[in-house]
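# Tertiary structure, described
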Amino acid sequence: MDAVLLLLADSRLPAGGHAHSGGLETAAATGVVHDLATLTAFLRGRLATAGLVTAGLAAAACAHAREPAGNAPPGGAAPRARTPDGWERLDAEADARTPSPAQRRASRAQGRALLRVARGLWPGFVLDLPAGAAGGPHHPIVLGAAVAAAGGVPVRAAQIAAYGAVTVPASAAIRLLGLDPLGVYRVLAGLAARVDAVAAEAAASVRAGGLPAASAPALDVFAELHDRAGTRLFES
Amino acid sequence: MGLGPHDGREPREPRPRRALRLGIGGPVGSGKTALVAALCRLLREEAALAVVTNDIYTTEDADFLRRNAVLDEDRIAAVRTGCCPHTAIRDDISANLDAVETLEDRHGPLDLVIVESGGDNLTATFSRGLADRQIFVLDVSGGDKVPRKGGPGVTTADLLVVNKTDLAPLVGADLTVMARDAERVRAGLPVAFTSLRERPDAPEVVSWVRAVLAAHADA
């Protein structure tokens with residue numbers, strides 16, 4: 001993977017990820033996650049659901065951003081424009097796959113932060129989102145567009161999204177539960193092949209004209225419980 | 001390391017005039033929120049204000065400010081920092097920038113946005129991308145050796161406030177030692193000794209902020 005894409009995958013990227021736990025804070029508060037074994041189960045579930053969905057959205061956004069604007073495809077048919085409609089559709093697809101309002105807000109907050117980073121990295125970076133995308137663009141959509149701006153292909157966008165789907169809660173688990181960081185990274189290394197597989201599945205689905213739509217009701221409930229909790233250290 | 005003014009590059013469209021961003025940092029319990037409340041009470045008539053708080057845990061600081069009605073409720077925003085208050089003001093300032101810009105969009109034009117950090121250690125400082133100027137608040141109860149220990153907050157903040165001077169005799173802290181050490185490690189940057197309990201209007205700090213605001217308005 002190109003180093004510029006590694007920047008986008010790095011948890012030190014100043015795009016607000018450090019303040020999100022991906023549901024882990026509620027999972028820890030309710031005792032669902034309390035050690036490495038329960039963390040592993042949580043991360044596997046999150047990767048197979050939210051991870052697959054965000055990987056698909058990131059791959060689709062990357063593919064959309066890479067379409068040449070206004071270039072006529074072979075055969076002389078009508079030009080395929082990189083239309084605002086495309087971004088609007090992706091925004092709606094992300095909303096449709098994010099039933100929890102708290103999760104939608106968290107995704108858009110992280111999208112705004114990543115957009116700020118992308119504009120800093122590539123001054124010409126634009127995302128023609130409709131004004132209706134209140135609260136900013138969804139995070140995986142900005143990620144996909146940023147990977148395209150960095151010269152990356154959809155499967156790389158999917159990989160970074162799937163990787164973030166497990167590293168964000170893993171980092172929160174280290175901070176909230178005091179889990180041994182070496183143990184947590186052993187868990188992450190054990191999941192690495194699954195991360196790659198989820199990314200490949202998401203990218204293949206997008207290439208075939210689809211978009212993964214796995215759901216995780218427990219994560220939706222955790223997000224809403226978190227939003228209502230009095231004491232919380234993380235934004236989500 | 002000087003903490004000069006923001007370089008003026010805006011991630012969004014340039015604004016006609018953006019508010020001065022003042023960071024207020026320091027350890028837990030040193031009096032940051034009491035100082036923010038004092039600044040709001042004393043400056044709100046002459047300047048358009050908003051506040052961002054970075055609570056470690058809850059929205060306690062924001063709630064304190066709202067309860068004390070120092071500002072309208074919607075001029076106070078709380079940011080959560082995922083257990084890492086220094087990260088949110090230094091390494092990854094995106095959530096704070098977002099909160100500052102949202103307040104400016106909603107209530108602008110503003111003259112001053114105060115960003116209060118969560119209580120942290122002596123190494124915590126604000127990124128220059130977030131704060132134009134910063135105040136570091138200590139209190140005497142940590143002992144008179146604290147200024148001598150230095151750390152970026154103590155040595156580089158544009159103003160060092162040593163609060164709770166009324167407690168000095170009770171905790172055996174020698175204020176002259178603190179003043180001498182602070183002057184030495186800060187190379188002449190200003191220091192204000194306050195007792196927000198005895199003088200809730202913090203006159204020295206308020207005058208300093210007024211001067212900074214005036215300089216910002218002229219720039």
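None of these values were measured; they are calculated from a predicted model.

Rules used throughout
Residues numbered from 1 in each chain as written. Chains lettered and ligands numbered in written order. Predicted model: local features only at pLDDT ≥ 70, side-chain atom pairs only at ≥ 80, totals over all residues. Heavy atoms only, no water. Salt bridge = Lys/Arg side-chain N within 4 Å of Asp/Glu carboxyl O. Helix = DSSP H or I, 4+ residues; strand = E, 2+ residues; numbered from the N terminus. Contact = heavy atoms within 4.5 Å. Buried area = accessible area lost by both parts, 1.4 Å probe. Core = buried A, V, L, I, M, F, W, Y, C linked by side-chain atoms within 4.5 Å. Buried < 20%, exposed > 50% of the residue type's maximum accessible area, 1.4 Å probe, protein only.

### Side note on the pattern of salt bridges
Under the definition given, this model contains 19 salt bridges over all chains. For Glu46(B), the salt bridge goes to Arg210(B), with nearest N and O atoms at 2.7 Å. Of this pair, Glu46(B) sits in the loop between α1 (32-43) and β2 (49-53) while Arg210(B) sits in helix α9 (residues 203-218), and the two are 164 residues apart along the sequence. Look at the salt bridges and you will find they share partners, linking Asp91(A), Asp95(A), Arg104(A) and Arg108(A) into a network.

### A look at the interface of chain A and chain B
Listed as interface residues are 19 residues of chain A and, on the opposing side, 18 residues of chain B. Interface of chain A and chain B: buried area, both sides summed, is about 1700 Å²; carbon and sulfur atoms make up 51% of it. On the chain A side of the contact with chain B, His18(A), Arg116(A) and Leu233(A) bury the most area, a combined 42% of that side's loss. Put simply, chain A and chain B have three salt bridges between them. Close ionic contact of Glu101(B) with Arg116(A) constitutes a salt bridge, the shortest N to O distance being 3.0 Å.

### Quick notes on the nonpolar core
One broad rule of soluble globular proteins: the nonpolar side chains tend to lie buried together. Leu8(A), Leu24(A) and Leu43(A) are the most contacted members of the largest nonpolar core, which has 66 residues in total. Ranked by the residues each element gives to this core, the list is headed by helix α3 (residues 36-66) of chain A, at 14 residues. With residues near it in sequence (within four places) discarded, Leu43(A) still touches Val166(A), Pro169(A), Ala170(A), Val187(A), Leu188(A) and Leu191(A). Counting residues in hydrophobic clusters, the runner-up holds 32 residues, among them Val36(B), Ile76(B), Leu159(B) and Trp208(B).

Function cannot be read off these values alone, since they describe shape.
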